[in-house]
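What follows is the residue order along each chain.
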Amino acid sequence: MLSGVLKETIGAIEIPELRLESGKVLKKVKQVYAMYGSLDAGGIVLVCHALTGSHHAAGPNIPGLPEAWWDPLIGPGKAIDTNKFCVICFNMLGSPYGSTSPTTLCEDGRPYGMRFPLISVRDMVRAQYEALKLMEIKELECVVGGSLGGMQALEWAVSFPEMVRRAIVIAAPAFTYPQAIALNEVQRQAIMADPQWKGGDYYGSTPPERGLAIARMLAMITYRSEESFAKRYMRELAFGAPWDWNGKFKIETYIHHHGEKLVQRFDANCYLYLTRAMDLHDIGEGRGGVRDALSRFKGHLLAVGISSDLLFPNWQVEKIALEAREAGVSACYDEIESDNGHDAFLIDIDQLDEMIRGFWRKN
């Protein structure tokens, strides 16, 4: 039963200094966030966004930000209920929507570009932790996210187990497997091969639009399944003749459309850094392996896979729950049955809604 109106507040926290996993240090790190509900609510739910998402997870459109990506799940009476919880979503470190990233100006007045240090998912989580400390938040009822957001949720559970009561990890593995790394590298090479990239120093001139569009085109193939493409497009022509280079299949126009859309709202260097952070994701690194890392978590864990996920196959996600249980963690696995591929966590909301509500009831 829905009751009340969703209230969204946009804010920012500046962290004086952040030591990265690489050993490098970033100064004056900005963490932009969206807050839904009041800090006086029964507890805090931290929602983590995916690769090209933003902190604007729910609510009406905000100029300069992409559309809310989980609006059906966040709000009064919804699965992530703002009548019960205060919901916070940070714009992750390295993203171009306000937090410190390659687009941020250095002391010389120019954007970092490729001078920005490499970052990891662990660094993103550390930045969020430091921001929450400055906000005097000491406990999280739950951390939840999908894809790169799911990597953050899992890293939160093992990095700060004393702070997290529950974690929901959706469509994300315990570490990134070689095929996903290879797909990310092809995307990065598409950007860097664009003459307009100029070694990352393209600010103030034409950005590498073609390279970024091609990177997104490849990504879109990994975000959906063959079944979804066959059902929606099969071999239908969008326009032109099949024996003419000006002719296009509908699937071709689909990936071109999404490439062009991303170019209008995302930064190419940020794309390089965030995909590399995904490659570096490994909760077992420096912790004795995945199982030992998971054993640190004393709360409740829900891992959610997607039956048709090409990017992070369901078995990779299920393995998190299996290893967590073997490590003595209260963990369970559920699966979104869908032909929509990796993007099902953004599309098949009804299934995810039911899973999250069930997790609240049991834990």
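As shown above, the structure is provided for reference.
Rules used throughout
- Residues numbered from 1 in each chain as written.
- Predicted model: local features only at pLDDT ≥ 70, side-chain atom pairs only at ≥ 80, totals over all residues.
- Heavy atoms only, no water.
- Helix = DSSP H or I, 4+ residues; strand = E, 2+ residues; numbered from the N terminus.
- Contact = heavy atoms within 4.5 Å.
- Areas by Shrake-Rupley, 256 points an atom, 1.4 Å probe, with all protein chains shown as cover.
- Lys, Arg positive; Asp, Glu negative; His and termini not counted.
- Charge placed at Lys NZ, Arg CZ, Asp CG, Glu CD.
- Salt bridge = Lys/Arg side-chain N within 4 Å of Asp/Glu carboxyl O.
- Buried < 20%, exposed > 50% of the residue type's maximum accessible area, 1.4 Å probe, protein only.
- Core = buried A, V, L, I, M, F, W, Y, C linked by side-chain atoms within 4.5 Å.
- Phe/Tyr/Trp six-rings, centres within 6.5 Å; stacked < 30°, edge-to-face > 60°.
- Polar contact = N/O pair within 3.5 Å; in protein donor to acceptor, adjacent residues only side chain to side chain.
- 1 Å grid on protein atoms, 1.4 Å probe; cavity = no way out; pocket = protein on both sides within 12 Å on 5 of 7 lines; lining within 4 Å.
- Points joined across faces, edges and corners; volume = space filled by probe spheres on them.
- Nonpolar A, V, L, I, M, F, W, Y, C, P; charged D, E, K, R; others polar.

Draft legend 1. The arrangement of the overall build of the chain in detail. Within the chain, the secondary structure is distributed over eleven helices and twelve strands. The principal-axis extents of the C-alpha atoms in the chain amount to approximately 60 × 50 × 45 Å. A sequence separation of at least 24 residues applies to 71% of the contacts in the chain between residues at least 6 apart. By element, 52% of the accessible surface of the chain is carried by carbon and sulfur atoms, the whole surface being about 16000 Å². The averaged location of the 45 negative side-chain charges in the chain is 3 Å from the averaged location of its 38 positive side-chain charges.

Draft legend 2. Quick peek at the pattern of salt bridges. Applying the stated criterion across every chain yields a total of 21 salt bridges. One salt bridge in this structure joins Lys 78 and Asp 71, with 3.9 Å as the shortest N-O distance. Relative accessible area serves as the criterion here: at 28%, Asp 71 is assigned to the partly exposed category. For Arg 188, the salt bridge goes to Glu 185, with nearest N and O atoms at 3.2 Å. You can see Arg 188 and its partner Glu 185 sitting in helix α3 (residues 178-192), three residues apart, about one turn around the helix.

Draft legend 3. Structural view of the nonpolar core. Ile 88, Leu 132, Met 135, Leu 140, Trp 156, Tyr 271 and Leu 301 are the most contacted members of the largest nonpolar core, which totals 88 residues. Of all the elements, helix α7 (residues 268-280) adds the most residues to this core, at eight residues. In this structure, Tyr 271 is in contact with Leu 51, Thr 52, Gln 187, Ile 191, Leu 212, Ala 215, Arg 216, Ala 219, Tyr 223, Leu 262 and Phe 266, ignoring residues within four places of it in sequence. With 33 residues, the next largest nonpolar core counts Tyr 36, Ile 74, Val 87 and Phe 359 among its residues.

Draft legend 4. Inspection of the packing of aromatic side chains at higher detail. The final tally for this structure, using the stated rule, is 15 aromatic pairs. Between Trp 156 and Phe 160, the aromatic rings sit 5.3 Å apart at their centres with planes inclined by 55°, giving tilted as the arrangement. Each member of the pair, Trp 156 together with Phe 160, is buried. Measuring from ring centre to ring centre gives 4.5 Å for Phe 175 and Tyr 177, while their planes differ by 25°; the resulting arrangement is stacked. Assessed through its relative accessible area of 27%, Phe 175 is described here as partly exposed. With a relative accessible area of 15%, Tyr 177 lands in the buried category.

Draft legend 5. Region of the structure containing the side chain of Ser 159. You can see Ser 159 is positioned in helix α2 (residues 148-159). Accessibility expressed as a relative area gives 16% for Ser 159, which makes it buried. In this structure the side chain of Ser 159 is engaged in a polar contact, spanning 2.5 Å, whose partner is the side chain of Glu 155. A polar side-chain atom of Ser 159 sits 2.8 Å from a polar atom in the side chain of Arg 287.

Draft legend 6. Here's a closer look at empty space enclosed by the protein. Scanning the entire structure with this criterion turns up two cavities of 30 Å³ or more. A volume near 70 Å³ is recorded for the largest cavity. Taken together, Leu 51, Leu 183, Asn 184, Gln 187, Ala 219, Thr 222, Tyr 223, Met 278, Leu 311 and Phe 312 make up the lining of the largest cavity. Among the secondary structure elements, those contributing two or more residues to the lining of the largest cavity are α3 and α4 (209-223). For the lining of the largest cavity, the per-class residue count stands at seven nonpolar, three polar and no charged. Of the voids in this model, the second largest cavity is the one considered here, and its volume is about 50 Å³.

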